[in-house]
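Architecture at a glance
One-letter residues, chain by chain:
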Amino acid sequence: MTAERILSISDLEAAASKKLPGATREFFNSGATNQVTVRENSSAYQKYRLLPRVLKDVSQVSTKISVFGREIAFPLCVSPAGLQGMAHPDAELATSKACAKAGVNMGVSSYANHSVEQITTTGKEIGPIYHVMQLYSMTDREKEARIVCRAEASGCKAIFLTADSPVMGVRYNEWRNEGFKPPAGLAYPMIEKTSEQIQSQSHDDGFSSFNSDSHSWEKEIPWLRSITNMQIWIKGVLTPEDVETAIEYGCDGVVISNHGGRQLDETPATIDALPACAKAARGRISIHIDGGIRSGSDIFKALALGAECCWVGRPMLWGLAYNGQEGVELMLDILYREFQRCMQLTGCKSISEISPSSLGIVRSDGPLARL
Ligand SMILES: Cc1cc2nc3c(=O)[nH]c(=O)nc-3n(C[C@H](O)[C@H](O)[C@H](O)COP(=O)(O)O)c2cc1C
Ligand SMILES: O=C(O)C(=O)c1ccccc1
């Protein structure tokens, strides 16, 4: 038998999905309610077409960008996703090593199965890497502050405040799978919960402690600013109004995100929300994006439409489930190579040459339109 060849992210998804128990696969892959947004996050990229400029010398191209004051290999980082121990026993430690090896940054979930101290140390042993710490507004403010302090002491560069999850999205898959719960035996060192505590309630109920009266711009942001010198980013912005508010509150960046379609279904695909948000930002705040990015040309399109950097969630989980650290390395390598080829074939030598003029938009009733 020939070994399976994983050439694309969709090959990796298929290989990982074969390895995972059904309820875990559904937990990772599903979105909320009718699955509209989770699907559209990816399919919306297909209305854009690439407009190559030919006969350009692309013998030397640079895919590098600078984020959080450090150069990374290409404009992609790994989103914070909880419960990586369900994909592979090495969990976030494997992800951190793979990111460090590939030269990209990583988000650490508050629901990580390893501590931020271990995750950052393990990654830095392999190579230069920056981490950011994902945070929820919590009813227990002291616990929330401990997460922030530990992240800062570990060298994290930013807090990514998840703004789209005061309550859990409506997730039929989790309900159908008898009130989905993570398996026994995993640790939750950041939210300071034991496996037994997590086991005693459904994943859905576990989110109730995030529905805090501090889940607001005015209570959360100035408080965070008073306890940390790290950058403060808002993860889960979809409108120009909220970009403006993030600027008013002095935030350093926003991630255009709908939580991978797992929270409010029938929100726009992030690539569709991006142009208006980037326009509103006018360079006053960093704009990153996640959701549905599955190829190098998706990264290229997001940059052409105004994002500085992209993040991926599920592809990392598929890499982990397929083959731990090596699987995440494979995922990052696939996207790096595809993105580099895309730059070469569109005639872009550096990231700054990627612009709206590199894209056309497909119209059902006529010729390709220029942006
Ligand atoms: C299994 C899983 C767990 C996640 N856990 C978190 C989390 O703990 N905190 C958070 O802010 N986002 C979480 N996310 C959302 C990701 O950070 C990211 O927004 C999303 O996965 C991006 O979409 P993509 O999976 O299509 O790339 C999770 C996503 C998945 C699939
Ligand atoms: O399921 C999610 O989308 C999510 O954000 C999460 C939060 C905590 C643990 C695992 C996943």
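Because the structure is predicted, anything quoted here is derived from the model rather than measured. Along every chain, residues carry numbers that run from 1 in the direction the sequence is written. Key to labels: chains lettered from A, ligands numbered from 1, both in the order written. Local features in this predicted model are restricted to residues of pLDDT 70 or higher, and side-chain atom pairs are both shown and tallied only at a pLDDT of 80 or more, whereas totals for entire chains, interfaces and linings draw on every residue. Values reported for side chains reflect all heavy atoms of the structure, with hydrogen atoms and water molecules removed beforehand.

Before going further, it helps to spend a moment on the pattern of salt bridges. In what follows, salt bridge is the name for a side-chain nitrogen of Lys or Arg lying within 4 Å of a carboxyl oxygen of Asp or Glu. Counted under the stated rule, the structure contains 12 salt bridges. With its nearest N and O atoms 3.9 Å apart, the salt bridge here joins Glu4 to Lys18. Placement of the pair is Glu4 in the segment before α1 (9-19) and Lys18 in helix α1, with a sequence separation of 14 residues. Overall, the relative accessible area of 43% leaves Glu4 in the partly exposed class. Residue Asp272 pairs with Lys47 through a salt bridge whose shortest N-O separation is 2.7 Å. To qualify as a helix, a DSSP run of H or I must reach at least 4 residues; to qualify as a strand, a run of E must reach at least 2; elements of each kind are numbered from the N terminus. Categorising residues by exposure relies on relative accessible area from a 1.4 Å probe, with only protein chains included: less than 20% of the type maximum marks a residue as buried, more than 50% marks it as exposed, and the intermediate range marks it as partly exposed.

By size, the foremost hydrophobic cluster in this structure holds 117 residues, and its most contacted members are Val243, Ile256, Ile271, Ile289 and Met331. At 14 residues, helix α14 (residues 314-346) tops the list of elements feeding residues into this core. Residue contacts are defined here by distance: any two heavy atoms, one from each residue, within 4.5 Å place the two residues in contact. With residues near it in sequence (within four places) discarded, Met331 still touches Ile9, Leu12, Val78, Val312, Pro315 and Met316. Nonpolar cores were defined as sets of buried Ala, Val, Leu, Ile, Met, Phe, Trp, Tyr and Cys residues, with membership established by side-chain atoms within 4.5 Å.

In this section: the sheet that holds strand β12 (residues 359-361). Overall, antiparallel pairing links the three strands, which are arranged β1-β12-β13 in an open sheet. The open sheet has two edge strands, β1 (48-50) and β13 (369-370), and neither has a second partner. Two elements, β1 and β12, share three bridges in a ladder whose sense is antiparallel. Bridged to Leu50 within β12 is Leu359. Every angle, taken between N-to-C directions, lies between 0 and 180 degrees, and every axis is a line fitted to C-alpha atoms, over only the stretch in contact when it is a helix. Of the strands in this sheet, β1 and β12 are in contact with helix α13 (residues 296-304), which crosses β1 at around 100 degrees. DSSP bridges decide pairing: two strands pair if at least two such bridges lie between them.

Moving on to the site of ligand 1. For ligand 1, the set of nearby residues contains 23 residues, the closest of which are Pro80, Ser109, Thr162, Asp290 and Arg294. Contact between ligand 1 and Gly292: an oxygen atom at 2.9 Å from a main-chain N or O atom of the residue. Two N or O atoms count as a polar contact when they lie within 3.5 Å, although within protein this holds only if one can serve as hydrogen donor and the other as acceptor, and sequence-adjacent residues are included solely when both atoms are side-chain atoms. Arg314 places a polar main-chain atom, nitrogen or oxygen, 2.9 Å from an oxygen atom of ligand 1. Calculation of accessible area relied on Shrake-Rupley with a 1.4 Å probe; when residues are assessed, cover is drawn exclusively from the protein chains displayed. Bound to the protein, ligand 1 loses 97% of the 610 Å² it would expose on its own. When its residues are assigned to classes, the shell around ligand 1 shows seven nonpolar, 11 polar and five charged. Here a residue is considered near a molecule or strand provided that any single heavy atom belonging to it is located within 4 Å of it. By the convention adopted, Pro, Cys, Tyr, Trp, Phe, Met, Ile, Leu, Val and Ala count as nonpolar, Lys, Arg, Asp and Glu as charged, and the other residues, Gly among them, as polar.

It is the contact of α13 with α14, at a shortest axis distance of 7 Å, that shows an interaxial angle of 60 degrees. With respect to α14, the axis of α13 lies oblique. When you trace α13 past α14, the crossing you get is right-handed. Contacts between α13 and α14 involve Gly296, Ser297, Ile299, Phe300 and Leu303 on the former and, on the latter, Leu335, Glu338, Phe339, Cys342, Met343 and Thr346. Classifying every residue of the contact of α13 with α14 gives seven nonpolar, three polar and one charged. Any angle between 65 and 115 degrees counts as roughly perpendicular, while under 35 counts as roughly parallel, over 145 as roughly antiparallel, and the rest as oblique. Two helices cross in a left-handed way if the nearer one is turned anticlockwise from the farther one by less than a right angle. They cross in a right-handed way if the turn is clockwise.

In this section: a nonpolar patch on the surface. Patches draw on residues past 30% relative accessible area with no salt bridge. Two like charges within 9 Å are joined, as are two nonpolar side chains (Val, Leu, Ile, Met, Phe, Trp, Tyr) within 5 Å. Taken together, the side chains of Val170, Tyr172 and Trp175 present a nonpolar region at the surface, about 280 Å² in accessible area. Its location among the elements puts Trp175 in helix α7 (residues 172-176).

Most peptide bonds adopt trans geometry, and most residues besides glycine take a negative phi value. You will see that Phe68, though not glycine, has its phi angle at about 55 degrees, which is positive. Structurally, the position occupied by Phe68 is in the loop between β2 (65-67) and β3 (70-72). On the basis of relative accessibility, which here comes to 13%, the residue Phe68 falls in the buried class. The backbone of Glu266 shows a phi angle near 70 degrees, a positive value even though the residue is not glycine. Its place among the elements puts Glu266 in the loop between β9 (253-256) and α12 (270-281). The class for Glu266 is exposed, based on a relative accessible area of 55%.

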